[in-house]
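# Observations on the three-dimensional arrangement
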Amino acid sequence: MVNSSHNQTSDPSADDFSVMLLGQILVHLNYIQARDLDKALVVQQQVGGRIGAILMRAGSLSEANLLEALTLQLGFKILGRDLDIPTAEQLLEAVDVLQLNILWLLQHEAVVWRIDTSIYCLSRDPLSSLLDETLSRKCPQSVEYCLARSQVLDTLLNQLRSHQREQGLDVTLDTDIQHLREMAEEAPVIELVNNIISQAMEERASDIHIEPEADTFDVRYRIDGIMFTRRTLPKPRYHAVASRLKLVSGIDIAERRLPQDGRIGMRINGQELDIRVSSLPGVNGESIVMRLLPKERQDLMLEKLGYLDDHLRLLRDWVSQPHGIVLVTGPTGSGKSTTLYSALDESNDGVRKIITVEDPVEFRLPHVTQVQVHSDIGLTFAAALRSILRQDPDVIMIGEIRDLETAEIAVQSALTGHLVLSTLHTNDAMSAFTRLIDMGIEPFLAATPIIAVQAQRLVRKLCSCSQPSNVPIQIDHKVAPFVSTLFPGQVANWRRPVGCKDCQHTGYRGRIGIYELVGVTENIRNSVLDRASLSILQQQARAEGFRDLATDGLIKAWLGITTAEEVHRVTSMHT
């Protein structure tokens, strides 16, 4: 929504929000800092505009907080909270009864509907005098203006556009490159993009997906590993949004045929954010995915990643070793990078030289030399590794072992007295050995320097609204031998998801890791040397007391942290 903009003065002593200016209310409610308001006022004096919109574009204010302040100031109701969101039938009925022009409504980004004898209006600018004058002439009674998230207004406007298309009327926009550049710099486009990112941050999304279809495009968020569609907007707005994202991330705005990667650094909801942007050409346009990476991460500590005490002791012992290789395996999005960064933080004792080689550098770590790979200029993982060995490191972190050359350098680094931490894309811990051998590493070199392998996944944590539950007896028997040792005297706390407002009615909120940690014993090393099959390696690991991913997950379900169904979804275990 666009917001009231008045000159700001000192706060009145009383909490009468109707006589306070918007900036005062925002500061009074601690939604922004006074310095944020001062900066926004300078921008407002220079270029004009609504103070709320300026604060949102600067990343100082979320849309949800802006709406709360506006409803206190203006007394307007909020759609979805105080009023039901109107249906398409209600919008079209008002158009017919009040003899409104849909194209005029679309031009002014407004919708009108009736409930009994009351008439309501939602607009991008509810304080527009032109809108008010026009509706006053059309409506026999006064119009009650409302507030809503921009995505609600976008959805309602899209319903009007769909009706126009069904009537054969063209509402598309010119999409030539010059016009796209102009649109990308327009305030409504900047505000829409910031709103999309701001809402993603509010909902704890890890990724934002912009996915074009034939006539529309979807904005989807990945929250706790699950995709949720949050907006469906008309295709003409896609070109402006895509151009804006490409422009600010350093991607060629004119290139639509090739995949491209970029990066954005911005401040959203008062938080500094790094955003990795990837564009991929598709038949309906470029799919754009943004990975959200807060610059300040509070969870880069091993204690916060969900390790049970025995696993935590094992991992800490491994990362304190003077040399060898510790591998973390799992699919994309399973938290491998977070684990490696946390392990580096554990290793960063101030007396060891730590160097990383990454593509890309996701989090900036103090007192750690981090190298960004640039394959296009020849700075590959292997080339960077050869150079950093001359930098006298003690600990080397390799973002990913992708090829034989990188694997060979990692092995040689470990054999010459360095501790090497790295990742592999495998389904379980023991597959790391077969993967390295498949790459071309000799079994002796795969077995000798590796001191441990860890596999991991992320499962959703139960929300506080969960309730006690029961599980099949075979699941309870599966974890019994482990929990009796890990938690003597403790009783099971199996629970089931329920759903509430806090978890968006999914029953889950946040994620936690489940792990498979295997230390390389003499028996396992000999089996690798003998080129034993994966199934034999797995049997040997279980025989030596190492538990698999599913078992570790079920223990956390036994504790009431997650559910057996969630563990099954992530690990595809057979119970």
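Residues numbered from 1 in each chain as written. Predicted model: local features only at pLDDT ≥ 70, side-chain atom pairs only at ≥ 80, totals over all residues. Heavy atoms only, no water.

- By the naming in an unreviewed UniProt entry, the chain is GspE/PulE family protein, taken from Cellvibrio fontiphilus.
- On record in UniProt, under Sequence similarities (unreviewed entry), the comment for the chain is "Belongs to the GSP E family." (UniProt positions renumbered as here; feature names shortened; annotations may be inferred.)

### Quick notes on the nonpolar core
- Core analysis: the biggest nonpolar cluster contains 52 residues, and L79, V111, V112, L122 and L135 have the highest contact counts within it.
- No other element matches helix 8 (residues 150-166), which puts five residues into this core.
- Membership of the second largest hydrophobic core comes to 47 residues, among which are V411, I437, I441 and L537. (Core = buried A, V, L, I, M, F, W, Y, C linked by side-chain atoms within 4.5 Å. Buried < 20%, exposed > 50% of the residue type's maximum accessible area, 1.4 Å probe, protein only. Helix = DSSP H or I, 4+ residues; strand = E, 2+ residues; numbered from the N terminus.)

### Comments concerning the UniProt feature "domain: Bacterial type II secretion system protein E" (unreviewed entry) in the chain
- Mapped onto this structure's residue numbering, the UniProt feature "domain: Bacterial type II secretion system protein E" (unreviewed entry) falls at residues 389-403.
- Secondary structure over residues 389-403 splits into 0% helix and 27% strand, and the C-alpha atoms at its two ends are 18 Å apart.

### Re the environment of R35
- Its place among the elements puts R35 in helix 2 (residues 34-47).
- You can call R35 exposed: its relative accessible area is 52%.
- With 528 residues separating them along the chain, R35 and T563 place their C-alpha atoms 45 Å apart.

### Let's talk about the environment of N30
- With respect to the element layout, N30 can be found in the loop between helix 1 (22-28) and helix 2.
- Assessed through its relative accessible area of 64%, N30 is described here as exposed.
- Along the sequence, N30 and N65 sit 35 residues apart, while their C-alpha atoms lie 9.8 Å from each other.

### What about empty space enclosed by the protein?
- A full pass over the atoms with the stated rule returns three cavities of 30 Å³ or more.
- Approximately 70 Å³ is the volume attributed to the largest cavity.
- Residue lining of the largest cavity: R204, I223, D224, I226, F228, R230, R460, C503, Q504, T506 and Y508, and that is the complete set.
- The element that contributes the greatest number of residues to the lining of the largest cavity is strand 7 (residues 226-234), accounting for three residues. (1 Å grid on protein atoms, 1.4 Å probe; cavity = no way out; pocket = protein on both sides within 12 Å on 5 of 7 lines; lining within 4 Å. Points joined across faces, edges and corners; volume = space filled by probe spheres on them.)

### A word on the packing of helix 18 (residues 473-486) against helix 21 (residues 549-558)
- Closest axis-to-axis distance for the helix 18/helix 21 pair is 9 Å, and the angle between their directions is 80°. By the criterion of interaxial angle, the relationship of helix 18 to helix 21 is roughly perpendicular. Two secondary-structure elements touch here, helix 18 through I475, D476, K478, V479, F482, V483 and L486 and helix 21 through T551, L554, I555 and W558.
- Of the residues assigned to the contact of helix 18 with helix 21, the class counts are eight nonpolar, one polar and two charged. (Axes fitted to C-alpha atoms, helices over the stretch in contact; angles between N-to-C directions. Parallel < 35°, antiparallel > 145°, perpendicular 65-115°, else oblique. Contact = heavy atoms within 4.5 Å. Nonpolar A, V, L, I, M, F, W, Y, C, P; charged D, E, K, R; others polar.)

### Looking at the sheet that holds strand 6 (residues 216-223)
- Taking strand neighbours across the sheet as the criterion, the six strands line up as 7-6-5-10-9-8 in an open arrangement whose pairing is antiparallel. Both outer strands of the open sheet, strand 7 and strand 8 (260-268), are each paired with one neighbouring strand and no more. In this sheet, neighbouring strand axes are inclined to one another by 20° on average, regardless of whether the strands run parallel or antiparallel.
- Relative to strand 7, strand 6 runs antiparallel, the two being bridged by eight bridges. (Pairing = 2+ DSSP bridges.)

### Regarding the confidence of the model for the chain
- Overall, the predicted model of the chain reaches an average pLDDT of 87, with 94% of residues at or above 70.
- The model gives residues 1-14 a pLDDT under 50, and that stretch makes 52 contacts with residues more than four places away or in other chains. (pLDDT = per-residue confidence, 0-100.)

### Points about the layout of surface pockets
- Space inside the second largest pocket adds up to approximately 930 Å³.
- If you go around the second largest pocket, you meet 24 residues; those closest to its centre are G80, R149, Q199, E203 and K501.
- Listing elements by their share of the lining of the second largest pocket, those giving two or more residues are helix 4 (63-74), helix 8 and helix 10 (187-202).
- Sorting elements by how many residues they give to the lining of the second largest pocket places helix 8 first, with four residues.
- A breakdown of the residues in the lining of the second largest pocket according to their chemical character gives eight nonpolar, six polar and 10 charged.

### Considerations on the side chain of E109
- Residue placement: E109 occurs in the loop between helix 6 (102-107) and strand 2 (110-115).
- For E109, a relative accessible area of 18% corresponds to the buried category.

### Here we look at the packing of aromatic side chains
- Per the counting criterion, the structure on display carries five aromatic pairs.
- Between W113 and Y120, the ring centres sit 5.8 Å apart and the planes meet at 20°, which makes this aromatic pair stacked. Per residue, the accessibility class of W113 equals that of Y120, and both read buried.
- Against the face of Y508 rests R460, its NZ or CZ located 4.1 Å from the ring centre. (Phe/Tyr/Trp six-rings, centres within 6.5 Å; stacked < 30°, edge-to-face > 60°. Lys NZ or Arg CZ within 6 Å of the ring centre and 35° of its normal.)

### A word on the pairing of strand 2
- Alignment of strand 2 against strand 3 (residues 118-123), held across six bridges, turns out to be antiparallel. Counterpart to R114 in the pairing with strand 3 is I119.
- Between strand 2 and strand 3, which follow one another and run antiparallel, lie two residues, and D116 among them has a positive phi close to 60°.

### Considering the pairing of strand 12 (residues 354-358)
- Counting buried positions over the five residues of strand 12 gives five, a clear majority of the element.
- Here strand 12 shows a buried face lined by I354, T356 and E358 and a second buried face lined by I355 and V357.
- Two elements, strand 12 and strand 14 (residues 395-398), share four bridges in a ladder whose sense is parallel. Paired with I355 across the two strands is I396, which belongs to strand 14.

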